[in-house]
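Here is what each chain is made of, one letter per residue.
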Amino acid sequence: MSSPVLVAVAWPYASGSRHLGHVSGAYLPADVFARHQRLAGNDVLMVSGSDVHGTPITVRADDEGVTAQDIADRYHNEFLRQWEALGISWDNYTTTGTAHHARVTQGMFLEQLRNGHIDKRTSEQFFDPDAERFLPDRYIEGTCPHCSYEDARGDQCDNCGRTLDPTDLIEPRSKLSQATPVLRETEHFYFRYSDFTDEISAYLGDKSDWRPHVLNFVRSWVDEEGLLDRAITRDLDWGVELPVDDLGPGKRIYVWYDAVIGYLSASQEWASNTDDADHWRNWWYNPDSRHVYFIGKDNIPFHCLFWPAQLLSYDREIHLPDDVPANQYVTFKGGKASASRGIGLTIDQGLELFQVDGLRYALAASLPEQADTDISVEEIARRINEELVATWGNLVNRVLSMVNKNFGEQPSVDGRTAEDEALLAAVDTALVAANDHITKVELRAGLRAAMDAAQAVNAYLNATEPWKVVKDDKERGGVLLGTALDAINGARVAFAPYLPFSAMALDEVLGPVTAWERVPVPVGTPIAKPTPLFTKVDVDALLADDDTD
RNA sequence: GGCGACGUAGCUCAGUUGGUGAGAGCGCUCGACUCAUAAUCGAGAGGUCGACAGUUCGAAUCUGUCCGUCGCUACCA
């Protein structure tokens with residue numbers, strides 16, 4: 001009955017503030033799924049952490065005249081604060097900067113070196129003689145050979161859109177120092193991903209239940225070109241240190257090789273803080289466990305191709321990803337959200353403008369599960385006001401108010417009619433539907449099922465008119481209102497994964513939700529005069545002093 | 001350039017392996033109700049499913065071409 005579920009969530013990059021697109025892409029869906037799985041009785045381990053390595057962090061640190069550690073700490077702390085505010089229910093949220101993570105990464109590296117899936121190769125790369133370091137492609141600028149645009153990057157020309165190699169650029173210059181980069185030999189370790197092309201192809205072969213856009217993408221990648229070997233070290237002094245000294249100083253493990261290992265190291269770190277330090281094995285070496293990875297579509301190759309290959313090369317017995325329900329992008333009025341380009345809202349801006357559960361509702365109702373989904377400040381406000389507040393918030397308030405005014409407690413519901421039973425059956429049906437949808441990570445549909453339950457209760461109230469009945473027949477009025485309250489008690493289970501903060505407010509009145517089922521409200525439960533779960537957004541005021549839409 | 005996705009009611013989106021008259025939410029119109037955060041409930045209007053051609057007894061669903069939007073392209077993560 002109870003089975004282990006690993007909820008593995010993309011590691012946010014601690015190089016800058018994240019935006020609402022990241023929340024929609026990974027953190028919110030992961031949290032909804034994890035909360036549901038816990039209520040469904042499964043053993044959930046939900047892990048992630050800040051990815052604190054990589055070049056963008058060191059470049060930003062240089063720009064600001066601070067250390068890379070300062071940048072990593074700043075954004076890691078920002079993320080921690082935001083997860084708390086958003087109600088993301090981690091079991092362990094750590095970073096790739098821990099000594100433990102370095103040990104796990106080095107252990108995996110050594111095992112793969114030993115069994116021949118990592119080897120050493122020499123290549124030529126551009127080197128900045130002034131900054132005294134090797135340059136990633138995108139830190140080299142120059143004139144585009146195709147369109148003569150003067151500020152083309154080494155990886156791509158922003159003017160004509162063509163993909164470039166840094167050696168294509170006319171008059172290349174370093175973005176760091178403006179110096180002319182020179183080609184210099186450098187030695188790196190390579191992971192032999194090509195060794196795993198066939199196995200990964202076979203692994204993907206039985207994933208027909210994956211989202212089509214995910215499966216199409218990785219299958220065509222593997223089938224057409226196969227996997228290519230990739231350098232997994234970089235000329236940097238910021239990152240996980242190499243466990244061997246073959247390359248000399250100034251080389252570190254590449255951020256992407258180590259970031260995905262975080263799923264394993266964070267699971268172990270979690271277990272080490274419990275009574276059973278080996279408990280992580282319940283998820284990683286258990287054929288009955290299920291691993292679900294929540295990521296944006298930009299991370300698909302790393303999670304569906306490279307990470308499984310790394311795991312296979314490390315240990316044949318270790319658990320591979322079971323599902324990677326990657327989300328597409330949220331766009332803001334047609335443009336891809338980007339904090340650096342000022343498109344869309346940062347997490348802090350979203351939290352400032354909206355009540356948390358309202359924001360969670362609006363984002364969950366618009367998750368880009370199948371295709372890019374367009375949202376805006378007005379759209380979020382509309383979802384909150386016209387859907388969440390009007391249908392669910394108002395329903396809770398109207399029923400609690402009537403029960404409070406007429407009885408002050410949950411009345412007796414003896415003598416229910418077929419009409420009353422039909423309502424409860426409708427709620428139970430909605431709970432089953434929501435359970436099915438969320439299990440399959442169809443979270444928009446799951447939320448819709450919850451709303452269906454709420455609308456069924458509203459329709460029941462309009463049909464039975466308890467506010468009239470209670471005047472002439474208090475006993476029948478009590479049955480109607482008690483039934484409505486029982487129905488709400490069921491509907492709130494379906495809403496609980498999406499709206500954890502208002503769920504807690506209801507917990508104080510109706511008791512905690514402990515399982516995915518409708519539980520009758522005990523007769524005599526005191527019902528005080530309610531305060532609304534949510535408040536409406538003042539759209540005009542919002543747009544008047546907001547220029548970020 | 002290559003690869004991929006998308007283009008369905010005013011808006012945001014669903015439409016399993018092609019099959020009775022094309023859907024949801026919101027908005028809009030009309031009606032009901034007035035317990036509730038001017039909330040709710042019911043009914044209705046509204047679409048030649050981007051364009052063109054083809055396959056088929058039958059296509060939003062398959063094929064081709066075109067138009068438009070977007071993403072990826074392995075050293076951004």
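The following refers to the structure shown.

About the thresholds
- Residues numbered from 1 in each chain as written.
- Chains lettered and ligands numbered in written order.
- Predicted model: local features only at pLDDT ≥ 70, side-chain atom pairs only at ≥ 80, totals over all residues.
- Heavy atoms only, no water.
- Helix = DSSP H or I, 4+ residues; strand = E, 2+ residues; numbered from the N terminus.
- Rg over C-alpha atoms; globule rule 2.2 N^0.38 Å.
- Buried < 20%, exposed > 50% of the residue type's maximum accessible area, 1.4 Å probe, protein only.
- Contact = heavy atoms within 4.5 Å.
- Areas by Shrake-Rupley, 256 points an atom, 1.4 Å probe, with all protein chains shown as cover.
- Lys, Arg positive; Asp, Glu negative; His and termini not counted.
- Charge placed at Lys NZ, Arg CZ, Asp CG, Glu CD.
- Core = buried A, V, L, I, M, F, W, Y, C linked by side-chain atoms within 4.5 Å.
- Polar contact = N/O pair within 3.5 Å; in protein donor to acceptor, adjacent residues only side chain to side chain.
- Expected span 1.5 Å × (residues − 1).
- Phe/Tyr/Trp six-rings, centres within 6.5 Å; stacked < 30°, edge-to-face > 60°.
- Lys NZ or Arg CZ within 6 Å of the ring centre and 35° of its normal.
- Axes fitted to C-alpha atoms, helices over the stretch in contact; angles between N-to-C directions.
- Parallel < 35°, antiparallel > 145°, perpendicular 65-115°, else oblique.
- Left-handed = near helix turned anticlockwise from the far one by under 90°.
- Nonpolar A, V, L, I, M, F, W, Y, C, P; charged D, E, K, R; others polar.
- Near = heavy atom within 4 Å.
- Patch = residues over 30% accessible without salt bridge, like charges linked within 9 Å, V, L, I, M, F, W, Y side chains within 5 Å.
- Salt bridge = Lys/Arg side-chain N within 4 Å of Asp/Glu carboxyl O.
- Pairing = 2+ DSSP bridges.

### Considering the overall build of chain A
Then, in step 1: A count of helical and extended segments in chain A gives 18 helices and 16 strands.
Then, in step 2: A compact globule built from 549 residues should have a C-alpha radius of gyration of about 24 Å, and chain A, at 27 Å, falls within 12% of that.
Then, in step 3: Dimensions of chain A along its principal axes, counting C-alpha atoms only, are 90 × 55 × 40 Å.
Then, in step 4: Classification of the 549 residues of chain A by burial places 56% in the buried group.
Then, in step 5: In chain A, once contacts between residues fewer than 6 apart in sequence are set aside, the share between residues at least 24 apart is 77%.
Then, in step 6: If you sum the accessible surface of chain A, you get close to 22,900 Å²; carbon and sulfur atoms cover 46% of it.
Then, in step 7: Here chain A carries 49 positive and 86 negative side-chain charges, and the mean point of each set is 3 Å from the other.

### Thoughts on the nonpolar core
Then, in step 1: Core analysis: the largest hydrophobic core is formed by 159 residues, its most contacted members being Val7, Tyr257, Trp284, Phe354 and Trp392.
Then, in step 2: Sorting elements by how many residues they give to this core places helix α12 (residues 377–406) first, with 13 residues.
Then, in step 3: Among residues more than four places away in sequence, those in contact with tryptophan 284 are Leu6, Tyr263, Leu264, Ser267, His291, Tyr293, Trp307, Leu311, Glu317, Ile318 and His319.

### Some points on the side chain of arginine 492
Then, in step 1: With respect to the helices and strands, the residue arginine 492 is situated in helix α16 (residues 474–495).
Then, in step 2: Since its relative accessible area comes to 6%, arginine 492 is described here as buried.
Then, in step 3: Only 3.4 Å separates the side chain of arginine 492 from the backbone oxygen of leucine 510, close enough to count as a polar contact.

### Let's talk about helix α14 (residues 443–464)
For an α-helix, the turn length of 3.6 residues means that residues three or four places apart are oriented alike.
Then, in step 1: In a regular helix each residue adds 1.5 Å, so 22 residues correspond to 32 Å; α14 covers 32 Å between its end C-alpha atoms and thus fits that length.
Then, in step 2: Backbone geometry just downstream of α14 places glutamate 465 in the positive-phi region, at approximately 45°.

### Quick word on the packing of aromatic side chains
Then, in step 1: Under the definition given, this model contains 24 aromatic pairs.
Then, in step 2: Centroid distance phenylalanine 217 to tryptophan 221: 5.8 Å. Interplanar angle 80°. Geometry classified as edge-to-face. Of the two residues, phenylalanine 217 and tryptophan 221 both sit in helix α6 (residues 212–225), 4 residues apart, roughly one turn of that helix.
Then, in step 3: Taken together through their ring pairs, the aromatic side chains of Phe191, Tyr193, Phe196, Phe217, Trp221, Trp256, Tyr257, Phe302 and Phe306 make up a single cluster.
Then, in step 4: One residue, lysine 474, lies across the ring of phenylalanine 407, its end atom 5.1 Å from the ring centre.

### Considering the packing of helix α4 (residues 99–114) against helix α9 (residues 300–314)
Then, in step 1: Contact pair α4 / α9: the axes reach a minimum separation of 9 Å and the direction vectors enclose 70°. When the axis of α4 is compared with that of α9, the two are roughly perpendicular. Helix-helix and strand crossings are classified by hand; for α4 and α9 the assignment is left-handed. Touching Gly107, Met108, Glu111 and Gln112 of α4 are Trp307, Gln310, Leu311, Ser313 and Tyr314, all from α9.
Then, in step 2: In terms of residue class, the contact of α4 with α9 is made up of 4 nonpolar, 4 polar and 1 charged.

### Quick notes on the protein's contact with RNA strand B
Then, in step 1: Lining the immediate surroundings of RNA strand B are 59 residues, of which Thr373, Asp374, Asn394, Arg398 and Arg444 lie closest.
Then, in step 2: Looking at RNA strand B alone, sugar and phosphate atoms form 67% of those within 4 Å of the protein.
Then, in step 3: Between a sugar or linking oxygen of RNA strand B and a side-chain N or O atom of arginine 444, the distance comes to 2.3 Å.
Then, in step 4: Broken down by secondary-structure element, the contributors of at least two residues to the surface near RNA strand B are α2 (55–64), α6, α7 (255–272), α9, β16 (373–375), α12, α14 and α15 (466–472).
Then, in step 5: Broken down by element, the surface near RNA strand B gets its largest block of residues, 13 residues, from α12.
Then, in step 6: In the surface near RNA strand B, the residues fall into 21 nonpolar, 14 polar and 24 charged.

### Notes on a negative patch on the surface
Then, in step 1: On the surface, Asp414, Asp472, Asp473 and Glu475 cluster together to form a negatively charged patch.
Then, in step 2: Here glutamate 475 shows up in helix α16.
Then, in step 3: On the basis of relative accessible area, glutamate 475 is assigned to the exposed category, the value being 62%.

### Details of the sheet that holds strand β5 (residues 133–134)
Then, in step 1: A sheet is described by the order of its strands in space; here 4 strands give the open sequence β5-β4-β9-β10, paired in antiparallel fashion. Every interior strand has two partners, whereas the edge strands, β5 and β10 (230–231), have only one.
Then, in step 2: Bridge count for strand β4 (residues 118–128) against β5 is 2 bridges, and the pairing is antiparallel. The partner of aspartate 128 across the bridge, within β5, is arginine 133.

### A short note on the sheet that holds strand β3 (residues 92–95)
Then, in step 1: Taken in spatial order, the 4 strands line up as β3-β2-β1-β13 in an open sheet, and their pairing is parallel. Each edge of the open sheet carries a strand with a single partner, namely β3 and β13 (290–294). For this sheet, the mean angle separating the axes of adjacent strands, direction not counted, is 20°.
Then, in step 2: Contacting β1 (4–9), β2 (43–50) and β13, helix α1 (residues 20–39) crosses the sheet at an angle of about 165° to β1.

### A word on helix α11 (residues 356–365)
Then, in step 1: With respect to burial, α11 is a largely interior element, 10 of its 10 residues being buried.
Then, in step 2: All buried positions along α11 are accounted for by Val356, Asp357, Gly358, Leu359, Arg360, Tyr361, Ala362, Leu363, Ala364 and Ala365.

### Remarks on unusual backbone geometry
Then, in step 1: Positive phi outside glycine occurs at glutamine 178, with the angle close to 70°.
Then, in step 2: Along the chain, glutamine 178 turns up in the loop between β8 (170–174) and β9 (182–191).
Then, in step 3: Overall, glutamine 178 belongs to the partly exposed group, its relative accessible area being 48%.
Then, in step 4: Even without a glycine there, the phi angle at glutamate 465 is positive, about 45°.

The values reported here are purely geometric and, on their own, carry no functional implication.
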